[in-house]
Each structure stands twice: as C-alpha cells, then as structure tokens.
Amino acid sequence: MDLRTKIKNIPNWPKKGVNFKDITPLLENAKSFQYAINQLAKPFKNKEIDKIIGIDARGFLLASALAYKLNLGIAIVRKQGKLPRKTVSTNYSLEYGKNLLEIHQDAVKAKETILIVDDVLATGGTSWATMKLVEKLGGKIIGFTFLAELKNLKGRKKIKNYPIYSLLSYEK
Ligand code: AMP
C-alpha cells in the first residue's frame, strides 16, 4: 500500500513556507491505519522495549496504537500545562514556533528502555526535547520512529546518537 496517497500536503500552513503533512486521511481509513501501524511495528517485534513514549498531539494517535500492537504501555510527553502531577520540562523550537514540553517525573524509570514515537520529523526540535526529557529521567532510548520525515529540515542531525526509523521520507 502506498501510504503517501493517504497523506495530504498542505502548502503554506500553518504559516508561509511550511509544507504541512496532514495525516488525518491515513488515520480515517481502517486499512491504511492498520497497515501503517503494522509497518511501524516491524523493526521492533524482537527488541527489548519497556515503554513507548508518544509526543503531543498527533504522535499520541500512532504511539498508542503501536504500543497496543507491541504489547507495551505508553507514556506521554505534552505541551506546557497539560499534565496534572510533578513534571520535568525542556524548551524546544519547532518548524513553526517555540514551545515547552513536559513529562511526569515518574513516567520513565531509570534504565527503562524507551521507543519514542511521533508523526513527523521536521527540524527535530520536538524529538530533541523529548530525548532530553527521557535522558533526564534516566531512561535508555532505543530509538525514534516516525510515520514521515522531511529530509530538507535535517531533523536527524539533532537526534543522531540514536537509531531513527521512518516509514516515509519527503524532500520537504
Ligand atoms: P520539529 O520539532 O520541527 O521536528 O516538528 C515536529 C513536530 O511538529 C511533530 O510533532 C509534528 O507533528 C509537527 N510538524 C512539524 N512540521 C510539520 C509538518 N510540515 N507537517 C506536519 N507536522 C509537522
């Protein structure tokens, strides 16, 4: 199945110069959603993973389905002010803005092995901040996985110390 046909490219949204990858058609279709999750799961079937981390907000949609498929639990990294208990936080910049990400301080235990999941890797700021949060809590990152990466934004560079997987690769 060609998942690209289920991802709509929206030029200049949410601001000029951004090519937004709208994954909602992929999620709305049972076949493409299932196929994407099965493909995302493949490299991790025999890997020792303690927990998946999903990134706010579209990352949650993929991460929770992937966690279910791999028989794992999921922890969440959220934008500022959404988590009710004690958190650790990191500042980051993304393709179209700046933000602060948080995680509950007990969401990752020391030495837990973690797979980080998001929909799109763009500049890598979001993934970098998530990496910092997991590292702060003593987790051991076994990799990052994305539905799509935007090559021209060179996000890989920011998280280059860890294995990076992506199903689809776009020039921009
Ligand atoms: P970045 O931190 O620049 O790698 O941005 C990645 C985060 O922002 C992901 O959580 C994406 O959901 C979102 N994002 C950034 N750029 C795009 C884009 N062009 N299309 C869709 N989502 C994007």
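Provided above is the structure to which this section pertains.
Below is a short write-up of the structure.

### A short note on unusual backbone geometry
Next, step 1: A cis amide bond, omega 0°, links W13 with the succeeding residue P14.
Next, step 2: By the element assignment, P14 lies in the loop between β1 (8-11) and β2 (19-22).
Next, step 3: The residue after D56, namely A57, is reached through a cis peptide bond having omega -5°.
Next, step 4: In this structure, N12 is a non-glycine residue whose phi angle is positive, near 60°.
Next, step 5: With respect to the helices, strands and loops of the structure, N12 is situated in the loop between β1 and β2.
Next, step 6: Using a relative accessible area of 45% as the deciding quantity, one classes N12 as partly exposed.
Next, step 7: The backbone of K154 shows a phi angle near 55°, a positive value even though the residue is not glycine.

### With respect to the environment of K42
Next, step 1: In this structure, K42 sits in the loop between α2 (30-41) and β3 (51-55).
Next, step 2: There is a polar contact of 3.2 Å between the side chain of K42 and the side chain of Q39.

### Some remarks on the side chain of K21
Next, step 1: Mapped onto the fold, K21 is located in strand β2.
Next, step 2: Given a relative accessible area of 5%, K21 falls into the buried group.
Next, step 3: Reaching out from K21, the side chain makes a polar contact with the backbone oxygen of K172 at a distance of 3.0 Å.
Next, step 4: Not counting residues within four places of it along the chain, the set of residues in contact with K21 comprises I7, K8, N9, V120, L150, Y170 and K172.

### Observations concerning helix α4 (residues 125-136)
Next, step 1: Across its twelve residues, α4 extends 16 Å between first and last C-alpha, which sits within 8% of the 16 Å expected from 1.5 Å per residue.
Next, step 2: Positive backbone phi, at 85°, marks G138, one or two positions downstream of α4.

Conventions and cut-offs
Residues numbered from 1 in each chain as written. Predicted model: local features only at pLDDT ≥ 70, side-chain atom pairs only at ≥ 80, totals over all residues. Heavy atoms only, no water. Helix = DSSP H or I, 4+ residues; strand = E, 2+ residues; numbered from the N terminus. Buried < 20%, exposed > 50% of the residue type's maximum accessible area, 1.4 Å probe, protein only. Polar contact = N/O pair within 3.5 Å; in protein donor to acceptor, adjacent residues only side chain to side chain. Contact = heavy atoms within 4.5 Å. Expected span 1.5 Å × (residues − 1).

Structural measurements only, silent on function.
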